[in-house]
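# Examination of the molecular architecture
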Amino acid sequence: MTTDVADSSPSALERSWWLRAPAVLVAPRAVFVSLRDESEEAVDAQQEPLLAIAGLAGIAGVLGTPVGRHLLNQQGVTPADVAVWAFFGGLAYAVAVYWLGGGLLYGAARRFGGLGSYRRARSVLALSAAPLALSLFTLWPVRIAIYGQNLFRTGGADWGPGDRTFGGLLYFAFAWSALLLVIGVRSVHGWSWGRSLATVALAAALPALIVAATIA
């Protein structure tokens, strides 16, 4: 019985990662450098905190999409449906970005001579999403408290300078995440700023082309 309890409790390394992962917002280099340890124990300890960040960031991301802003225009859709959509849609979005985006980042890094693993590339990407995850607990509760259901339908009281301000803050979270991604690539590989920026730009090129083609 004692052995079972001990085995089920989180290790000190796991507990430290739950504290370390959010610290990427204030001390990113130190947190990203710790990803260089790719031992099985270290990877296992990182997994849950990083997946939590990716999932929360995914939910925050889908809430800001044009689809989210029009959901309540559809007959029969309720606020509860919006919450369910945001949860499952956000998780699906996070999984796609985590695996496909991690693959693009890994491929771009290899192109520039990087020797890190695909797993580490995914971890860097997940950690860099921390500002978006933070917005789910800071920006979105305030925005929803002010505008309520109008936030998810057109023609409501949410349109105007105030809503544009909130939109700008969401874009700032995306930009912050992009900066953290460059810092992360630079930290784990020990590269220059230029090489790190080129790696991120190459990884983002294909998604950017797809988005541009969709808009056009």
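Residues numbered from 1 in each chain as written. Predicted model: local features only at pLDDT ≥ 70, side-chain atom pairs only at ≥ 80, totals over all residues. Heavy atoms only, no water.

## Things to note about the nonpolar core
Taken as a class, soluble globular proteins show a tendency for nonpolar side chains to be buried jointly. Worth spelling out the cut-off: To define a nonpolar core, start from buried Ala, Val, Leu, Ile, Met, Phe, Trp, Tyr and Cys residues and group those joined through side-chain atoms within 4.5 Å. The cut-offs for exposure are 20% and 50% of the maximum accessible area for each residue type, with area from a 1.4 Å probe on protein chains only; residues under the lower value are buried, those over the upper are exposed, and the others partly exposed. Here a helix means four or more residues in a row that DSSP labels H or I, a strand means two or more in a row labelled E, and each is numbered from the N terminus. What makes two residues a contact is simply this: any of their non-hydrogen atoms within 4.5 Å.
Judged by nonpolar contacts, the single largest core of 50 residues is most densely connected at Trp17, Phe32 and Leu127. Broken down by secondary-structure element, the contributors of at least two residues to this core are helix H3 (28-33), helix H4 (40-63), helix H6 (79-111), helix H7 (118-128), helix H8 (130-135), helix H9 (139-147), helix H10 (161-189) and helix H11 (193-215). When residues in this core are grouped by element, the largest group, nine residues, is from H10. Not counting residues within four places of it along the chain, the set of residues in contact with Leu127 comprises Trp17, Ala21, Val24, Val31, Phe32, Leu35, Leu50 and Ile53.

## Considering the packing of aromatic side chains
Quick reminder of the rule: Classification of ring pairs uses Phe, Tyr and Trp, with its six-membered ring standing for Trp, and accepts pairs whose centres are within 6.5 Å; under 30 degrees between planes counts as stacked, over 60 as edge-to-face, and the remaining range as tilted.
Enumeration according to the criterion identifies six aromatic pairs in this entry. An angle of 65° between the planes, with centres 6.2 Å apart, marks the rings of Trp99 and Tyr118 as edge-to-face. On the criterion of sequence distance, the pair formed by Trp99 in helix H6 and Tyr118 in helix H7 is long-range, its members being 19 residues apart. Take Tyr118: its relative accessible area is 28%, and that puts it in the partly exposed class.

## Quick word on the confidence of the model for the protein chain
Which entries qualify depends on this criterion: Every residue carries a pLDDT, the predictor's confidence in it, which falls somewhere between 0 and 100.
Chain-level statistics for the protein chain give a pLDDT mean of 88 and a share of 90% at 70 or above. Across the protein chain, element-level confidence peaks in H8 with a mean pLDDT of 97 and bottoms out in helix H1 (residues 2-8) with 44. Below pLDDT 50 for its whole length, residues 1-8 participates in zero contacts with residues either more than four positions away or in separate chains.

## A short note on the packing of H4 against H7
Stated precisely, the cut-off is as follows: Note on geometry: axes are C-alpha line fits, over the in-contact stretch for helices, and angles between N-to-C directions span 0 to 180 degrees. A clockwise turn of the near helix away from the far one marks a right-handed crossing, whereas an anticlockwise turn of less than a right angle marks a left-handed crossing. Side-chain classes are defined by residue name, with Ala, Val, Leu, Ile, Met, Phe, Trp, Tyr, Cys and Pro counting as nonpolar, Asp, Glu, Lys and Arg as charged, and the others, Gly among them, as polar.
Packing of H4 against H7 brings their axes to within 9 Å, and their N-to-C directions diverge by 40°. In this structure, the crossing between H4 and H7 has a hand that is left-handed. Touching Glu40, Val43, Gln46, Leu50, Ile53 and Ala54 of H4 are Arg119, Ser123, Ala126 and Leu127, all from H7. Among the residues making up the contact of H4 with H7, the classes are represented as six nonpolar, two polar and two charged.

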